[in-house]
Every structure is written in C-alpha cells, then in structure tokens.
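Single-letter residue listing:
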Amino acid sequence: MSNLKKIRTPAGICIGTHIAINGKRGIHIEQHGKKDDLLPEQIVEFITGRPVERIIFADVKRVENMI
C-alpha cells in the first residue's frame, strides 16, 4: 500500500486508503479480517446519526484566511 494513498488521522493513525466509488472519492477500510468501502457522506451519517444529502466544501481561500 502506497503512503500517498493512506488516510491518516492528525495523530498519524492509518484509518484506510483512498479509493474511487462510483466516481467519487471514498475510503477502503480493513480491520480484523473485515473490509468496507465508504463515502464521506456515509461517515458523517454514522457520526451524526442524521441523513446527509451532500457535503459542501469550503472555498480553499476562505479556509486559509481563517487560519
């Protein structure tokens, strides 16, 4: 597995690898012999317990100005 494809938390924990799911960017997770492929919307739904229609990303310039 390439380091460029790994998805890590800020603490450096590898949580999966980047994959394409129906043309969208997703994550492939393997843990204890089980595998799953998830989209970002699915992960947000699991965390919040609410349905997510879509994720709207902030403009990069706007985010940089907030830092």
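All of the points below concern the structure found in this document. Please read these numbers as outputs of a predicted model, since none were measured by experiment.

1. Remarks on the overall build of the chain
- Within the chain, the secondary structure is distributed over two helices and four strands.
- For the chain, the N- to C-terminal ordering of α and β elements is β-β-β-β-α-α.
- Looking at the 67 residues of the chain, the share that counts as buried comes to 15%.
- Contacts in the chain between residues far apart in sequence, at least 24 positions, make up 0% of those at least 6 positions apart.
- When the accessible surface of the chain is totalled, it reaches about 6100 Å², and 56% of it is carbon and sulfur.

2. Side note on unusual backbone geometry
- Even without being a glycine, Asn22 presents a positive backbone phi close to 50°.
- Position of Asn22 among the secondary structure elements: in the loop between β2 (14-21) and β3 (24-31).
- Among the residues examined, Asn22 registers a relative accessible area of 78% and is labelled exposed.

3. Some points on the sheet that holds strand β4 (residues 34-38)
- Overall, antiparallel pairing links the four strands, which are arranged β1-β2-β3-β4 in an open sheet. In this open sheet, the two edge strands, each paired with only one partner strand, are β1 (6-8) and β4. The sheet shows a mean angle of 35° between the axes of neighbouring strands, taken without regard to direction.
- Bridge analysis of β3 against β4 gives five bridges, and the strand direction is antiparallel.

4. Quick word on the pattern of salt bridges
- Per the counting criterion, the structure on display carries one salt bridge.
- Among the salt bridges present, the one from Arg54 reaches Glu53, with a minimum N-O distance of 3.3 Å. Across the pair, exposure class does not vary: Arg54 and Glu53 are exposed alike.

Scoring rules and cut-offs
Residues numbered from 1 in each chain as written. Predicted model: local features only at pLDDT ≥ 70, side-chain atom pairs only at ≥ 80, totals over all residues. Heavy atoms only, no water. Helix = DSSP H or I, 4+ residues; strand = E, 2+ residues; numbered from the N terminus. Buried < 20%, exposed > 50% of the residue type's maximum accessible area, 1.4 Å probe, protein only. Contact = heavy atoms within 4.5 Å. Areas by Shrake-Rupley, 256 points an atom, 1.4 Å probe, with all protein chains shown as cover. Pairing = 2+ DSSP bridges. Axes fitted to C-alpha atoms, helices over the stretch in contact; angles between N-to-C directions. Salt bridge = Lys/Arg side-chain N within 4 Å of Asp/Glu carboxyl O.

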